[in-house]
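# Understanding the architecture of this molecule
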Amino acid sequence: MADELVLYTNPMSRGRIARWMLEEVGQPYTAEILEFASMNSPEYLAINPMGKVPAVRHGDTIVTEAAAICAYLADVFPEAGLAPPPGSRLRGPYYRWLFFGAGPIEAANTNKALKIVVPAERTMMVGYGTQERVLHALEDQLNRSEYIAGERFTAADVYVGSHIGSGMTFGVIDKRPAFERYWSLVGSRPAAQRAREIDEELAAARRRAG
C-alpha cells in the first residue's frame, strides 16, 4: 500500500533505536532484517548509499539516520504525541537535545569505544569537545527535568535514551545516578520493552544458527 512502513535493520545495530520509535508510534510496520554483508548489495545501496542501517521506507519516502527517523515518525504520526507541535517553543529544547544526541553524544561515545583520544590542545576542533563535557551537560539537564527535553516523553528520549542505555551497558558512559534514573524511566516503557524483546530474540536466533 502507498503508506506502508518498512524498517531495514539488524538486531545488533542502531536499528534498535528505529524499532523502539516505531513501537512508540504504534503504526503497523514490517521489518527487513539484513546481514551486515548484504548492506552493500546494489539493492540496499539504492535505499541507503552509506550501506548502513537503520533505514525506514514510508510509501515512497526513505529516511536514514536514526535521529532523522525519530524526528520524521514523530511528525508524520502526531497522534502519538512524541513531539511538541510545530510552532511551539517547546520545539527548541526538543530539537536541541535530539541533535545533541546525534552530534556530541554519538561522536563522544564512538571515540570512547574506539579508544580515540583527542589531544587536549585539539578539543576545540571537535564538535563535542571532550566526553566529560558532554556527560556533564547531559547529567545537568537530567537533574533539571524528568525527560531530556522537559517534563514529557518525546522522540528525543528514544534517541538519547538509547545511547545512554547502550552506553552504560557497554561501558562507554559512566553509570551516574542521573543516567540510571533516566534509563530506568524511559527503558521500562512498554514500547521499549517490546522492541528489545523482538531484537534480542532475533539476535539469539542468529547466534543459535551459528
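Remember, it's a predicted structure, so these values are computed and weren't measured experimentally.

### As for the nonpolar core
Formed by 52 residues in total, the largest nonpolar core has its most connected members in Met 21, Ile 148, Ile 164 and Phe 179. For this core, the elements supplying multiple residues, two or more each, are β1 (5–9), α1 (15–25), α3 (66–76), α4 (91–113), α5 (131–144), α6 (155–169), α7 (177–187) and α8 (190–209). With near-sequence residues (within four places) excluded, Phe 179 lies in contact with Leu 135, Leu 138, Glu 139, Leu 142, Ile 164, Met 168, Ile 173 and Asp 174. Grouped together as the second largest cluster of nonpolar side chains are eight residues, Tyr 8, Met 39, Ile 47 and Val 53 included.

### Re α5
One full turn of an α-helix is made of 3.6 residues, so residues set three or four places apart face in the same direction. When the terminal C-alpha atoms of α5 are compared, their 20 Å separation across 14 residues agrees well with the 20 Å that a helix rising 1.5 Å per residue should span. When α5 is considered as a whole, its buried residues turn out to be Gln 131, Val 134, Leu 135, Leu 138, Gln 141 and Leu 142. One face of α5 carries all of its buried residues, which in axial projection span an arc of 130 degrees. Facing away from the buried side of α5 by more than 90 degrees, the exposed set consists of Arg 133, His 136, Asn 143 and Arg 144. Close packing links the buried residues of α5 with α4, α6 and α7.

### Observations concerning the pattern of salt bridges
The final tally for this structure, using the stated rule, is 11 salt bridges. Glu 106 is the salt-bridge partner of Arg 14, the closest N and O atoms lying 2.7 Å from each other. Highlighted residues: Arg 14 in the loop between β1 and α1 and Glu 106 in helix α4, separated in sequence by 92 residues. A relative accessible area of 17% places Glu 106 in the buried class. With its nearest N and O atoms 2.8 Å apart, the salt bridge here joins Glu 24 to Arg 189. Taken as a pair, Glu 24 in helix α1 and Arg 189 in the loop between α7 and α8 lie far apart in primary sequence, 165 residues in all. Owing to a relative accessible area of 25%, Arg 189 belongs among the partly exposed residues under this scheme.

### Some thoughts on the side chain of Asn 109
When you line up the elements, Asn 109 lands in helix α4. With near-sequence residues (within four places) excluded, Asn 109 lies in contact with Gln 131, His 163, Val 172 and Ile 173.

### Points about unusual backbone geometry
The omega angle of the peptide bond from Val 53 to Pro 54 is 10 degrees, so this bond is cis rather than trans. Within the chain, Lys 115 stands out as a residue other than glycine whose phi angle is a positive 60 degrees. Along the polypeptide, Lys 115 turns up in the loop between α4 and α5.

### A look at α6
Its 15 residues give α6 an end-to-end C-alpha distance of 21 Å, which sits within 8% of 21 Å, the value for a rise of 1.5 Å per residue. Counting buried positions along α6 yields 13 of 15 residues, so the element is predominantly enclosed. A positive phi of about 75 degrees marks Gly 171, the residue just after α6.

Here is what the cut-offs are and how they apply
Residues numbered from 1 in each chain as written. Predicted model: local features only at pLDDT ≥ 70, side-chain atom pairs only at ≥ 80, totals over all residues. Heavy atoms only, no water. Core = buried A, V, L, I, M, F, W, Y, C linked by side-chain atoms within 4.5 Å. Buried < 20%, exposed > 50% of the residue type's maximum accessible area, 1.4 Å probe, protein only. Helix = DSSP H or I, 4+ residues; strand = E, 2+ residues; numbered from the N terminus. Contact = heavy atoms within 4.5 Å. Expected span 1.5 Å × (residues − 1). Arc of directions from axis to C-beta. Salt bridge = Lys/Arg side-chain N within 4 Å of Asp/Glu carboxyl O.

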